[in-house]
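So you can see what is in the structure, the chains are spelled out below.
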Amino acid sequence: MNPEKKVKTWLPLWIGVSIAIGILIGSLYSKFGSTGKVVGTGKIDAVLNYIDRSYVDTINMRQLVEEALPKIVQELDPHSAYISAQEMKRVNEDLEGHFSGIGVSFYVLKDTIVVTSIVPGGPSEAAGIRQWDRIINVNDTSIAGQKITNADVLRKLRGEKGSEVKLGIKRESQYGLVDITVTRGDIPMNSVQAAYMQTDEIGYIKVGTFGFNTFSEFISALSKLKSQGAQSFVIDLRGNSGGSLEIVVAMVNEFLNKGDLIVYADGRNFPRQDSYANGSGTSKNDDVVVLIDELSASASEIFAGAIQDHDRGLVIGRRSFGKGSVQSQRSFPDGSAVRLTVARYFTPSGRSIQRKYEKGKYDEYEMEAINRYLQGDYINTDTSVTLVPFKTDGGRIVYGGDGIMPDVFVPRDTTGINSYYNSLVNRDFVQEYAMTYSDIYKQKLSGFQSAEELVRYLFKQPLLLNLVSFADNRGIRPRPYYIEESRKLFERQMISYIVRNFFGEDGFYSVYLQDDILMKKAVNFIEKGLTKPEAVIQEKYKTPALS
């Protein structure tokens, strides 16, 4: 390549990287302070002035910095990140537990938005939107039949609080379209996804994330279940990627005694910070089982680790993800932010939650879950050889340095999973058929008084036969042996999806988890009085089927 051409090609990138480094260093030092002199800031200023006066072409410096910053920050470790203003808005919505929108749940059925539920007291309910309405137009623009995606729908229906959106509604009972204007408002995002009685004395709580509203939702769930007779609890953190430290500390506090260490953070320039239980918890004497899997991360691991280290209850499932790094955030005026890893989290026994990573090999780090699957971690036992032994309050050996290892390992259930099943699930045919069935028979199905009553009715219907025909019409030919092998999976999933449309998330999970191995194991241990890890160890040699 011609040297002059080479310089012209790479000069904008060099300039962008130099400026990005300068902005990042200056911002971080202004946030966290420094006793030393920031090296190179004079050069950065000189380069900026030089570009402004002399560069041959006009350069969009803002765009250059936006493109360079993510690459610089992500090279530090897997969890340090530059977050754009647009992405930061979504992240804040997840943590704050609300967003601004119209307050409906929906499903895109045959390229048409079908309203499946209405947020009580929300903007859509106030405007007169009903369940099963079809949204045909948004602001006088047709969106039906346009192969619209869920992301497209969210972009059109969400917006600034107080703004209006005009919807063209097709309603079964009326001719033509009904125009309804909805004023957007704050819509809650429930992070406690379900709370119901699994048995007469065991309550189940599914926690999807640890957002700013999660603690209040969690306390409400505990209170509701106790009023229904719950004396023991199954806390399901499977698939929970984490969230707020303050919230998870408050939630674990409900189960621990005063003075119990919950978690501590420590780093090179980050003085150790300890979080302790204050003794005000409402469930200090209730039996508790925590469910985790390979996608349980961060705050989920703090919760499980504290319960485990104090021998407070059982942790059941598979080794967790292993994200135990502390990020400090520096926000910029345009709404973007840098999250920089400044410390690591440790469980009460001193275990580091963070799994190991090699600098620059972050693709391998992100592929860890798949690699563990290929190694057989989820089906046989955990193959990790890097775990370090620690001791709990009671002297039990637990392992750290690579996520949280459960007290009771339960392999991933692959019963009924075959190529035919995967073909239908991957193309979303099971849920699509469940929605189609719910829509066709909504008048009858809405007449049932309880989820249990509806489930009994649905199990008598030829749902599987109809699903197979549904898939056949869309190009997946029937395979009788595989269909029979997957029968229970198909029926359970279809029925749970249908029940969700009429009895919400509690109804969905109560059906979906009926054959769940981890749930059965948790109930078994609680009913046999084996929620203390020492009891499980002793019982293991008497009744191997429990382990």
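An account of the accompanying structure is given in this report. Per chain, residues are indexed from 1 in the order of the written sequence. Whole-chain, interface and lining totals are the exception, using all residues; otherwise, since this is a predicted model, local features are given only for residues with pLDDT of at least 70 and side-chain atom pairs are given and counted only at 80 or more. As a rule here, side-chain values come from all non-hydrogen atoms in the structure, and water together with hydrogens is ignored.

Right, let's talk about the packing of aromatic side chains for a bit. Stacked, tilted and edge-to-face pairs are distinguished by plane angle, under 30 degrees for stacked and over 60 for edge-to-face with tilted covering the rest, among Phe, Tyr and Trp rings (Trp via its six-membered ring) whose centres lie within 6.5 Å. Inspection of the entire model under this criterion finds 16 aromatic pairs. Between the aromatic rings of Tyr 420 and Phe 490, the centroid separation amounts to 6.1 Å while the plane-to-plane angle is 85°, which identifies the pairing as edge-to-face. Placement of Tyr 420 in helix α12 (residues 419–426) and of Phe 490 in helix α18 (residues 487–512) is noted, with a sequence separation of 70 residues between them. Classification of residues uses two cut-offs on accessible area relative to the type maximum, computed with a 1.4 Å probe and protein chains only: under 20% is buried, over 50% is exposed, and between them is partly exposed. Of the residues examined, Tyr 420 reaches a relative accessible area of 1% and is grouped as buried. The class for Phe 490 is buried, based on a relative accessible area of 0%. Judged by centre distance (5.8 Å) and plane angle (25°), the ring pair of Tyr 497 and Phe 508 falls under stacked. For Tyr 497, a relative accessible area of 17% corresponds to the buried category. Comment: elements are numbered from the N terminus, with helices defined as DSSP H or I runs of at least four residues and strands as E runs of at least two.

A separate point is the packing of helix α7 (residues 214–227) against helix α8 (residues 245–253). Throughout, an axis means a line fitted to C-alpha atoms (over the contacting stretch in the case of helices), and angles, computed between N-to-C directions, take values from 0 to 180 degrees. Put simply, α7 and α8 touch, their axes get as near as 9 Å, and they point 20° apart. Comparing the axis directions of α7 and α8 gives the class roughly parallel. The element α7 and its partner α8 pack so that their crossing is right-handed. Taking contact as the criterion, the partners of Thr 214, Phe 215 and Phe 218 in α7 are, on α8, Ile 247, Ala 250 and Met 251. We call Asp, Glu, Lys and Arg charged. Ala, Val, Leu, Ile, Met, Phe, Trp, Tyr, Cys and Pro are nonpolar, and the rest, Gly among them, are polar. Each residue belonging to the contact of α7 with α8 can be placed in one class, and the counts come to five nonpolar, one polar and no charged. What sets the label is the angle itself: under 35 degrees gives roughly parallel, over 145 gives roughly antiparallel, 65 to 115 gives roughly perpendicular, and the rest give oblique. Crossings are assigned a handedness: left-handed for a near helix turned anticlockwise from the far helix by less than a right angle, right-handed for a clockwise turn. Between two residues, a contact is recorded if the distance between any of their heavy atoms is within 4.5 Å.

So, about unusual backbone geometry. Non-glycine residue Asn 139 carries a positive phi angle of around 55°. Looking at the element boundaries, Asn 139 is found in the loop between β5 (134–138) and β6 (141–142). A relative accessible area of 42% means that Asn 139 is categorised as partly exposed. Positioned with a positive phi, Asp 428 is a non-glycine residue whose angle comes to about 65°. With respect to the helices and strands, Asp 428 occurs in the loop between α12 and α13 (429–440).

Strands pair, by our definition, only if DSSP identifies at least two bridges between them. One open sheet accounts for six strands, arranged β10-β11-β12-β15-β16-β21; its pairing is mixed. Of all the strands in the sheet, just β10 (192–197) and β21 (408–409) have a single pairing partner and so form its edges. In terms of strand pairing, strand β15 (residues 287–292) meets strand β16 (residues 314–317) through four bridges, oriented parallel. Within β16, the position partnered with Ile 292 by the bridge is Gly 317.

Tracing the backbone through its elements, the reader meets Val 410 in the loop between β21 and α12. Residue class for Val 410 comes out buried when judged on its relative accessible area of 2%. Taking C-alpha positions, Val 410 is 6.9 Å from Ile 316, a pair spaced 94 residues apart along the chain. Apart from residues no more than four positions distant in its own chain, Val 410 is found in contact with Ile 316, Gly 317, Arg 318, Ile 517, Leu 518 and Lys 521.

Moving on, we come to the packing of α12 against α18. Axis separation between α12 and α18 bottoms out at 11 Å; the angle between their running directions is 20°. Classified by the angle their axes make, α12 and α18 are roughly parallel. Considering how the two elements wind past one another, α12 and α18 form a crossing that is right-handed. Of α18, the residues touching α12 (which contributes Tyr 420, Tyr 421, Leu 424 and Val 425) are Leu 489, Phe 490 and Gln 493. Taken together, the residues of the contact of α12 with α18 break down into six nonpolar, one polar and no charged.

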